[in-house]
Structures are given as structure tokens and as C-alpha cells.
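Examination of the molecular architecture
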2 protein chains.
Amino acid sequence: MKTLVTGGAGCIGSDLAAALLERGDSVVVLDNLSSGKIEHIAPMRDHPRFTFLETDLENFDSVASAMQGVEMVYHMAANPDVKFTEGDATDKDLRQNLVCTYNVLESMRRCGVSRIAFSSTSAVYGISPIQPIPESAFFPAPISLYGATKLGCESLISAFQNLFGWRAWIFRFANIVGPKVRKKGRTVIGDFITRLRENPKRLTILGDGKQAKSYLLSEECIGAMLYIVDHAQEPLNIYNLGCGDSLSVLRIADMVVEAMGLSGVEYDFTGGEGGWPGDVPRFRLDPSKLNALGWTAKRNSEEAVRIAIQTTLAAMPVAAHVDNACKP
Amino acid sequence: MKTLVTGGAGCIGSDLAAALLERGDSVVVLDNLSSGKIEHIAPMRDHPRFTFLETDLENFDSVASAMQGVEMVYHMAANPDVKFTEGDATDKDLRQNLVCTYNVLESMRRCGVSRIAFSSTSAVYGISPIQPIPESAFFPAPISLYGATKLGCESLISAFQNLFGWRAWIFRFANIVGPKVRKKGRTVIGDFITRLRENPKRLTILGDGKQAKSYLLSEECIGAMLYIVDHAQEPLNIYNLGCGDSLSVLRIADMVVEAMGLSGVEYDFTGGEGGWPGDVPRFRLDPSKLNALGWTAKRNSEEAVRIAIQTTLAAMPVAAHVDNACKP
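Below is a short write-up of the structure. As the structure is a computational prediction, the values presented were derived from the model and not from experiment.

**Some remarks on the sheet that holds strand E2 (residues 26-31) of chain A**
Residue and element names in this part refer to chain A.
- If you walk across this open sheet you meet the 7 strands as E3-E2-E1-E4-E5-E6-E11, and the pairing is parallel. Because the sheet does not close on itself, it has two edges, and the strands there are strand E3 (50-54) and strand E11 (236-241). Averaged over neighbouring strand pairs, the angle between their axes works out to 15° when direction is ignored.
- In this sheet, strand E6 (residues 167-173) lies alongside strand E5 (residues 115-121) in parallel orientation, the contact comprising 7 bridges. Across the sheet, the residue bridging to Thr121 is Phe173, located in E6.
- Sitting on the sheet, helix H1 (residues 11-23) is in contact with strand E1 (2-6), E2, E3, strand E4 (72-75) and E5, with an inclination near 170° to E1.
- Strand contacts of helix H4 (residues 92-111): E1, E4 and E5, with the helix running at about 180° to E4, the strand carrying the most contacts.

**Digging into the relation of the copies chain A and chain B**
- Of the transformation superimposing chain A on chain B, the axial component is 0.0 Å and the angular component is 180°, with the fit at an RMSD of 0.0 Å. Taken together, the rotation angle and the small translation identify this as a two-fold axis. Distance from the rotation axis, computed per C-alpha, reaches its smallest value in chain A at Gly152(A): 2.0 Å.

**Quick word on the interface of chain A and chain B**
- Listed as interface residues are 31 residues of chain A and, on the opposing side, 31 residues of chain B.
- Within the residue set of the side of chain A that touches chain B, elements represented by two or more residues are H4 and helix H5 (145-164) of chain A.
- At 11 residues, H5(A) tops the list of elements feeding residues into the side of chain A that touches chain B.
- Split into classes, the residues belonging to the side of chain A that touches chain B amount to 18 nonpolar, 10 polar and 3 charged.

**What about the sheet that holds strand E5 (residues 115-121) of chain B?**
All names here are of chain B.
- With parallel pairing, 7 strands are arranged side by side in an open sheet as E3-E2-E1-E4-E5-E6-E11. Looking at which strands have only one partner, the edges of the open sheet turn out to be strand E3 (50-54) and strand E11 (236-241). Strand-to-strand twist in this sheet, taken as the mean axis angle between neighbours without regard to direction, amounts to 15°.
- Contacts from helix H4 (residues 92-111) reach strand E1 (2-6), strand E4 (72-75) and E5 within the one sheet, and its direction differs from that of E4 by about 180°.
- Relative to E5, helix H5 (residues 145-164) is tilted by about 160°, and along the sheet it contacts E5, strand E6 (167-173) and E11.

Calculation criteria
Residues numbered from 1 in each chain as written. Chains lettered and ligands numbered in written order. Predicted model: local features only at pLDDT ≥ 70, side-chain atom pairs only at ≥ 80, totals over all residues. Pairing = 2+ DSSP bridges. Helix = DSSP H or I, 4+ residues; strand = E, 2+ residues; numbered from the N terminus. Axes fitted to C-alpha atoms, helices over the stretch in contact; angles between N-to-C directions. Contact = placed C-beta atoms within 7 Å. Least-squares fit on C-alpha atoms with pLDDT ≥ 70 in both. Nonpolar A, V, L, I, M, F, W, Y, C, P; charged D, E, K, R; others polar.

Take a look at the structure:
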């Protein structure tokens, strides 16, 4: 099977590409290396069934030319900056999520490719009155441009799937944590470690620290995606990827402090319910549908974060400004 | 109040613009006249509080320059061709719905405009297992590019509303019917009349004729929009606009035949559940939320269609290829 992975040099995409190679697929990775890293795909570069194309999905012709002969697409590329800060451009998610996803879908249609898996996000739910959140009962009111455009991508996939008789799998990710490193400030674990290395006496925590979210280990996320594609055979398959519990930011701070062997750290809170504009302060994903399909996460949110703290501490050079959590 | 109406030369947009003028607003209409018509706004052209700008929303600078001093936006412009036919471009809805809506929202942000009403559609629901469909419990899986991109627009509005502290009103329209004419083939009433005038013995009906949808009169739609904007004061207000019943295509055919004084017409069915790819064969909108706000449609679906048949017959020159139903 010839499989194309967009965003395949990213944290999750590169692990997925490696897993697909392991299964025997021929894997073509597309990545513009804007947030993906060449190091992530370095171990695969010499594999006879691996191809890397440095391609921007905003360029339709490049995507269409890479789509020749492909049988299955894993569309993992996206703008990874979930935060919107005053002064940021507001069209980044429109271009990198919606327009790029359209380019992928239209390339597939023109090349007769009819199977797509897509990394969506729990951010599509916005602030849900129902917790944990099932896939089937939600009032779609995303509060971030990231969540809004991911829901728009889901909708486009749903329409293409129906109009052209495709099969599609959509994964609504919890917060994915793992050993690969990311830029400072993007997610909580690496940010805390970096700040505590800079100043082991005080830690600034965004919001009121009571934000509580579902976490899932990156390796479990890859396993779940492949399991769902193998076992869910509806025309359109939408699954939450996570476990039904959540973990607070304050608890994560305590865990990082403990893992670093610190004590007596004073916390400063920036205040407010969410960490930044568009942050969903609290959510739990209902994994019942995925559990019923036969897959259950081995680690709950606290165990996933505990492992990610250890692997990040091991992987992060002291004083480097990096982070370890991946968000599609 | 200075109000901007995009798509204000369309069937619904022009009636809305007239109602806003009547209320005392200064009204700026933007329309590229791709489907809107200059005749629709002709009666308002000399009004001292009316301005028409022939503007394409795909041109960001034009939209931004029209946004100066505006206090409220009614964003009614969209690609009106709900049908997708093999050979059509697949990016029409992406450009005319998603990109244009982004341009409207970003222009608003830059000009400090913080109130927007938006014409969405029942097509966002796709094929819903729950009937009638409430706003608050749906599995978003649109089956048409039109429905998909309208849901994407809703999501963008939801994110802008939250990030910048706006107030927004989103209307999910039933099938809107009224006296203004439209191109042949776009909706059922005008299409049947045109075909029966061409051949009063036989009528081709798309699908199996059992498609059944909620209908609402255009004038009631305008009244409901203004009522909701006046009375719904949540930050984000999403309302179904329609009544809870539905009417079948076969019943509409019988009503048109009767209204034209014909008898013994033979029906040919093209077959299949939906009339075209992406057609939602059956839906009823749950109007409970709107009813609880204090507004109820005076006409049910059958009464609305009956009136629309009469006004269309009166408005349609014999043998002209036009249609009378408006879809946002």
C-alpha cells in the first residue's frame, strides 16, 4: 500500500510514518518543515520504501503531483500554534488548515484516491456543557481559530467523503504528549521544565491553574489511529482519541517540580479561567466509542503526563528552549 | 445605526435591506451581482439612507473599505448553488463561503465592528438521526460542499466572537420560499412550473419524490431574523429558522399541478433517495428554541409553499426559465 503522510516530519506524523513503514507500507512524507523537523525523519531517510518531499500544501500543483499512485492519505499537517495572541495574523489557520485540507482533498479526487485519515482535535468542541464529551452530541461552537478551522476541515472531509463515495477516519485528539521536543511555550510540560531550569524558585502558571484536560501518550495515539483505520469501516468514522479523565495544570506543575527534585517553588498565576484567548479551560473526552471498537488507552492522563515529563527531562538539553508535547 | 448587508441584492438580502431601511437604519449593501440582481435593490436606490456598492467579497480591501463606520453586519452573501454536479469546480464554496466570510470577519475586526448576523443553513446538519433537529444536539457531518463550508463559516464566526468579545447571531434556515425569482433548476417550485409550462402532460421529479423538507416563507424569515437580533442576547446565538414540519416533493408537485389547473400529469422519477449528490433527503427543523424566544412562524411548510406557488405563478412570465425559492 502506498501511503501519503502530510506533516510527516512533525512529532506525531513522523512516528506515524515510522509505524506505517513497519507495517510494510510505502510511505511518502510531505512536509514544508515550518514546524516539522528533518531530524524527525532522519532515521527513515535510507529506507527503500520511504520518500520525503519538502512540499507546502498551499501549493496545489505540488500536492497533486505527490498524490499519483497513492492509496491512502494520513493528513496530519496543520498550523501547530493553537494559541492566538493579539497581533498574530488571523488567516494562518484559514490557510494552513482549511485551504491546505481542501488542496489535499481535491488532489485526492483528481487522482482517484478515496481513503483519508485526518488529525482533528478536541478543540472542535469548544466549551461543552456535556462532560466527558461524546462524538455524537455536541453543539459546535469552537472558541479558537484553530478549533474552528479544524471543524471546517472535518466538514469538508465529510462532504467529499459523501459526494465521491470515499471512506474517511477523523480523530479528535486529546492533548498528545510524548518524547519529541517542540518550541518553548507551545505546551505545558516543556514550558514548565524550561522555566524551572531558568528559575527553580518561582513558576508562572497561565490562568488560574485549574484548567484540566485529557492527555494521551504519542505512542498510544499512533496505535489508536492505526487500530481505528483497520477496524472502523463506516463511510465516515469519527473518534475521540483519549481517555475519559483529565489532569489539572496545577497538578502537572507539582509533578514537574517533584520530577526535577525541587521543593518550595512558589507559583504565580496570571489569572483567568483559560491560559490564553481561545483556550478551553476544562474538558474530558468520552472514549466509549473507541473502547467499544476494541481499543482502550493503557495510560490515563496522569500516567501519560508522568511518562512525558520523564522522557522530556531526558531529551531536553539543560536550558534549551524546547517543549515535548505535540498537537496536531 | 449603520448596517452593512452582504449579498444585499439577493432574494433574501434585498428584502432584509428594505426591512432595515424601514426600521430607520442606514443600509450599505455589498453585492457582486453574480446571483443577486440590480432589480431587487432598484426600489431602494433613491433612498437617502441607502448605499449600494458592487463589491466582490473575495477582494479583502474592498470589504475593509466598506466596513468603515459600520455598527452591525448581516452577512447573507454566499454561493447559492447548493447542488454539486459532476464537472463543477469543487472550490466555489471554499472561496465564496469560507474565504469571503473570513474577509468579512477580519474586516470587522480591523474596523472595530463587533456585531454580526449570519445566514447559515439546515444543510449543516447533514443526515441527522434526530428529527426534528434541535440546534444543540447534532453530529456535524454535512454531505454537501455547501453545508460543509457553511458549518466552517459558523465555526469561524464562533471563534472570532469569542476571541474579540463580539456578539453573533447565526440562523440555520429551512428552505426559504417567496415571490422573488431565481434561475431555473435551483429550487423545486419554479422548476416544476417551468417544466409543466413546457410540457403539461409529464413532469420529471428528481429522486423518488419522497424527499421531505421544512419550508419557510421569505417574509417570515426576515421577520424572524430581526426578532432574534433584537431579543437573543447571548454572546453567540444560534437558531433554527423554520417550523417543525416538512413537506414532500411529491406533495409539492401535486400542489403545483393543481394550482396550474392541470390534471392527468404523469410523473417520471429519476430515482434514488436524494434529488442530487449532497441533497439531504429528509429533514425537519426543531423550532422550539425560537418559539421559546417568543417567535413562531404563522405558516407551516404546506401553507408557505402554497403561497409561494401562487406568487411565483403570478411573477413568472410564461416560458421564462426562472425559479422562485431563495437559499442563503
